[in-house]
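# A closer look at the structure
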Amino acid sequence: MSRNKILSALLLVLLSFTYTGCDDPPDEETATFVLDMKAMVNDSAFVLGQTYQNAQDYKFNIETLRFYLSNLILTGADGSEVEVKDVDFLNFENNHSTSQSKGEQVTGTIPAGAYTSLRFAIGVDSTRNSDDPAQYPSSHPLSIYNGSHWNWNTGYIFLKIEGSIDSTANGSGNFGNSFLYHTGTNPLYHEIQFSDDFTVAPAETFEYKMKLDVNRFFYNDSDTLDAVNDNFTHTTGTFRIAERVTDFFSGAFSKR
Amino acid sequence: MGNQTALGFLVIALLAAGCHKDPPLSSDAPYELNLPAGFSMPSIPANNELTVKRVELGKLLFFDTALSVDSTVSCASCHHQQFAFSDNKALSLGVNNAVGFRNAPSLGNIAYHTSFFRDGGVPTLEQQTLAPIEDENEMAFSVPGVVERMKINPDYVALSKIAYDREPDAFVLTRALAAYQRTLITGNSRFDKYYYQNDVSALNESEKRGFQLFTSEKTNCSVCHAGIDFSDYSFRNIGLYEMYADTGRKRITQLDEDYGKFKVPSLRNVELTAPYMYDGSVTTLESAIEHFNSGGKENQYKDALVQPLSLTTDEKQDLLNFLKSLTDVSFIENEEFAP
């Protein structure tokens, strides 16, 4: 064979590799997932400072309501796990919840597709819980600007609920008592899981609406919180109250 | 002009340029820690290496009352250089003369500590700075509030940029304060001259006997007050009380065995840091020695090393004299540390 023909043959071989052997797999299609968390009392948006009556007929209000949400993870129909957000901070004192449509939102990019469950945790996980909040910019969830950190016993305050309550049931709303629940420390990092089938289309902004039922802060199927007498915890030294508050709070989430 | 003249002008111009020695205004440089004999380099976080401008910024902040809500209280209000950066009160007074929780400890050699506060609740010096600023009984303010004040202060803005290449923020505030505090090294007492600098005449006979007693199995002082900083930074219950209102380390760990345990303080400059103990309840060095001589008060968690010592009057005097030889005058007079 002439030299030209050999070269042509080699060129053809090379070109064939280019066009057949080295294809990239098709790009995964992505979408935006928005966990929209709305604090509610019965069917209405929760309003900071407004007087409500709980299931035990005590009038109360809440002036502080904020918590850390970590490791929001979706499970795909194929069993794969997708992290939406590693850590976020939800603060219901900013009056977002007075809006009819929006709650506090946790947003992330995910692959489009079918999903069968989601889970998240209340609190900051142990890999970050002893982080220095001063190292984070003010816009970061773990920044000191969120006012949810114990500076004398390093760790984040996972959940803050503060408010006032009547001393007796069916009272006048004079609020003779106040309650303050600050939970934290690694043992009280608490995961919650929700089984639910949903499909997210490519390029969609998918809002997953959830409700945080303020009434459920005070009771669940097995326990009732006496916010008059068991009214205070910073967790260390009063761990059991903090643990119960965590349990109540965990049970307050549902799809809406 | 002729070539030689031109060359002459050129040479002069070049020389003149070379003689212009003013450093540019915006430069920083490493801060060399002057370590006394026997001291090793303290551990310093990678993102807060010591530089001249970082230390300068930290010093300004340390003495700045703007860190408190009403601009009356600074770090130096409770950590006075003349008292080896401690206070001469049992409990210091914060904003509105609020009474503090525990006795303000000396900041001498704070760079070597492995945990912060008397109960060790905080792991780094950078993180420690957050607490006094936000404590109701100390500065009664907030870190965001301090940052806002820093941002409108041109000196702080300029120094933040040079030292940390950013605007004033919580990071700059905490890192700068830590940088300044890390420079507060004390290791030049008469004892140091005797022990680490080999000047056998630096201590008198009583002080030398006191040192022997201090390190002997008769007292076991040096088991806890160990090493070059006279503390192993461990937490101990020394039988100050039978019942502790302030449970110390237990407040942090919630463990029964940590009841009444507090961090062993350094004894450097102890002559200057009265009153003593976590609550400042022991007013003189003599009574501190007597506390240990007596074996303390009984409680379930008292350390086994705290036992009656049966010291003679002379032995107590020797110990006292030895402890006084740990005073480092150069530390409390060092102008580098002063505003």
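Residues numbered from 1 in each chain as written. Chains lettered and ligands numbered in written order. Predicted model: local features only at pLDDT ≥ 70, side-chain atom pairs only at ≥ 80, totals over all residues. Heavy atoms only, no water.

### Description of the overall build of chain B
Spelled out, the test is: Here a helix means four or more residues in a row that DSSP labels H or I, a strand means two or more in a row labelled E, and each is numbered from the N terminus. A 1.4 Å probe rolled over the protein chains alone gives each residue an accessible area, and that area as a share of the maximum for its type sets the label: buried under 20%, exposed over 50%, partly exposed in between. By definition, residues are in contact when any of their heavy atoms lie within 4.5 Å. Areas reported here follow the Shrake-Rupley algorithm with a probe of radius 1.4 Å; residue values treat only the protein chains shown as occluding. For the charge count, each Lys or Arg is scored as positive and each Asp or Glu as negative, with His and the chain ends excluded. Charge placement uses NZ in Lys and CZ in Arg. For Asp and Glu, CG and CD serve respectively.
For chain B, the count of helices and strands is 14 helices and 2 strands. Based on the C-alpha atoms only, the size of chain B along its principal axes is roughly 95 × 50 × 30 Å. When the 339 residues of chain B are sorted by exposure, 52% land in the buried category. Looking at chain B alone, contacts between residues at least 24 apart form 65% of all its contacts between residues at least 6 apart. Summed over its atoms, the accessible surface of chain B is roughly 16,100 Å², and 55% of this surface lies on carbon and sulfur atoms. If the 29 positive side-chain charges of chain B are averaged to one point and the 44 negative ones to another, these points end up 1 Å apart.

### What to know about the packing of aromatic side chains
Residues and elements named next belong to chain B. As a reminder of what qualifies: Stacked, tilted and edge-to-face are the three classes assigned to paired rings of Phe, Tyr and Trp, where Trp is represented by its six-membered ring and a pair needs centres within 6.5 Å; plane angles under 30 degrees give stacked, over 60 edge-to-face, the rest tilted.
With the rule as written, the count across this model stands at 47 aromatic pairs over all chains. With 5.3 Å between their ring centres and 65 degrees between their planes, F62 and F63 make a pair best called edge-to-face. Judged by relative accessible area, which is 1%, F62 ranks as buried. Seen from their ring centres, Y244 and Y259 are 5.6 Å apart, and the 80 degrees between their planes marks the pair as edge-to-face. Placement of Y244 in the loop between strand 1 (235-236) and helix 11 (250-253) and of Y259 in the loop between helix 11 and strand 2 (262-263) is noted, with a sequence separation of 15 residues between them. Across the pair, exposure class does not vary: Y244 and Y259 are buried alike.

### Section: the pattern of salt bridges
Residues and elements named next belong to chain B. Heads up, the condition is: Think of a salt bridge as a Lys or Arg side-chain nitrogen and an Asp or Glu carboxyl oxygen that are within 4 Å of each other.
Using the criterion set out here, one finds 32 salt bridges over all chains in the structure. The residue R102 makes a salt bridge to D119 at a minimum N-O spacing of 2.9 Å. In this pair, R102 is assigned in the loop between helix 2 (52-62) and helix 3 (125-128) and D119 in the loop between helix 2 and helix 3, connecting sequence segments 17 residues apart. Both residues of the pair, R102 and D119, count as buried.

### Considerations on the state of the cysteines
All names here are of chain B. Let me state the cut-off plainly: The term disulfide is used for any two cysteine sulfur atoms that are within 2.5 Å.
One pass over the structure, following the stated rule, counts 0 disulfides over all chains. C75 forms no disulfide, and the closest cysteine sulfur to it belongs to C78, at a distance of 8.7 Å. Residue classification places C75 among the buried residues on the basis of a relative accessible area of 17%. Sulfur of C221: no disulfide; nearest cysteine sulfur belongs to C224 and is 9.0 Å away.

### A word on the environment of H149(A)
With respect to the helices, strands and loops of the structure, H149(A) is situated in strand 8 (residues 149-150). H149(A) gets classed as buried once you look at its relative accessible area, which sits at 14%. Sequence-distant contacts of H149(A), defined by excluding residues within four places in its chain, comprise D131(A), P133(A), T154(A), G155(A), Y156(A), I157(A) and Q127(B).

### Thoughts on the side chain of K263(B)
All names here are of chain B. What counts is decided by this rule: The definition of a polar contact used here is a pair of N or O atoms within 3.5 Å, where within protein one atom must be able to donate a hydrogen and the other to accept one, and adjacent residues in sequence count solely through side-chain atom pairs.
Inspection of the secondary structure assignment puts K263 in strand 2. Notably, K263 is buried but unbridged: the nearest opposite-charge side chain belongs to D119, and the N-O separation is 8.4 Å. At 2.8 Å, the side chain of K263 and the side chain of H113 are in polar contact. A polar side-chain atom of K263 sits 2.7 Å from the main-chain carbonyl oxygen of S115. With sequence-adjacent residues up to four places away left out, K263 is seen in contact with H113, S115, F116, F117, R118, Y233, S234 and F235.

### Concerning helix 7 (residues 170-182) of chain B
Residue and element names in this part refer to chain B. Worth spelling out the cut-off: Helix span, as expected, comes to 1.5 Å for every residue beyond the first.
The first and last C-alpha atoms of helix 7 sit 18 Å apart over 13 residues, in line with the 18 Å expected at 1.5 Å per residue. Of all 13 residues making up helix 7, 13 are buried, and the element is well covered by its neighbours. At the N-terminal boundary of helix 7, the capping side chain belongs to D169, with an oxygen 3.1 Å from the backbone nitrogen of F171.

### Here we look at the interface of chain A and chain B
So the rule is basically this: Two parts placed together each lose some accessible area under a 1.4 Å probe, and the buried area is that loss summed for both. Basically, the charged four are Asp, Glu, Lys and Arg, the nonpolar ten are Ala, Val, Leu, Ile, Met, Phe, Trp, Tyr, Cys and Pro, and anything else, Gly included, counts as polar.
On the side of chain B, 20 residues touch chain A, which itself brings 15 residues to the contact. Approximately 1,400 Å² of surface area, both sides summed, lies buried where chain A meets chain B, with 54% of it carried by carbon and sulfur atoms. Three residues, Y145(A), N151(A) and W152(A), lead the burial of chain A against chain B; their summed loss comes to 39% of the area buried on that side. Along the contact surface separating chain A from chain B lie 1 salt bridge. Across the salt bridge formed by R175(B) and D132(A), the nearest N and O atoms sit 2.7 Å from each other. Taken together, the connections running from chain A to chain B amount to 5 residue pairs in polar contact (both at pLDDT 80 or more). Of the residues assigned to the side of chain A that touches chain B, the class counts are 5 nonpolar, 8 polar and 2 charged.

### Description of the packing of helix 5 (residues 143-151) of chain B against helix 7 of chain B
How two helices pack is summed up by the angle between their axes together with the distance between the axes. Residues and elements named next belong to chain B. How we decide: Axes here mean lines fitted to C-alpha atoms, for a helix over just the part in contact, with angles spanning 0 to 180 degrees between N-to-C directions. Convention used here: angles under 35 degrees read as roughly parallel, angles over 145 as roughly antiparallel, angles from 65 to 115 as roughly perpendicular, and any remaining angle as oblique.
Running from amino to carboxyl end, helix 5 crosses helix 7 at an angle of 90 degrees, the nearest separation of the two axes being 9 Å. Regarding the angle of helix 5 to helix 7, the classification is roughly perpendicular. The residues of helix 7 that touch helix 5, namely those facing V143, V146, V147 and M150, are A170, V172 and L173. Considered class by class, the residues forming the contact of helix 5 with helix 7 number 7 nonpolar, no polar and no charged.

### A look at the domain arrangement of chain B
All names here are of chain B. Here is the rule: Annotation comment: domain bounds sourced from an automatic or database domain assignment.
Here chain B is described as being made up of domain 1 (6-182) and domain 2 (190-333). Distance from the C-alpha centre of domain 1 to the C-alpha centre of domain 2: 29 Å. Between domain 1 and domain 2, the contact holds 30 residues from the first and 26 residues from the second. Both faces combined, the contact of domain 1 with domain 2 buries some 2,200 Å², and carbon together with sulfur accounts for 55% of it. Counting every contact that joins domain 1 to domain 2 gives 2 salt bridges. Here domain 1 is connected to domain 2 by 10 residue pairs in polar contact (both at pLDDT 80 or more).

### Describing the side chain of Q81(B)
Residue and element names in this part refer to chain B. You can see Q81 is positioned in the loop between helix 2 and helix 3. A residue is classified by how much of its surface remains accessible, and Q81, at 13% relative accessible area, is buried. There is a polar contact of 3.4 Å between the side chain of Q81 and the backbone oxygen of I332. A distance of 2.9 Å separates a polar atom in the side chain of Q81 from the backbone oxygen of N334. Once you skip the residues sitting within four places of it in the chain, Q81 turns out to touch F331, I332, E333, N334, F337 and A338.

### Thoughts on the packing of helix 2 of chain B against helix 6 (residues 154-164) of chain B
All names here are of chain B. Formally: It is the rotation of the near helix from the far one that decides the hand of a crossing: anticlockwise by less than a right angle makes it left-handed, clockwise makes it right-handed.
Between helix 2 and helix 6, the shortest axis-to-axis distance is 8 Å and the interhelical angle comes to 145 degrees. In this structure, helix 2 crosses over helix 6, and the sense of that crossing is left-handed. In this structure, helix 2 contributes K53, R54, E56, L57, L60 and L61 to the contact, and helix 6 contributes Y156, L159, S160, I162, A163 and Y164. Tallied by class, the residues present in the contact of helix 2 with helix 6 amount to 8 nonpolar, 1 polar and 3 charged.

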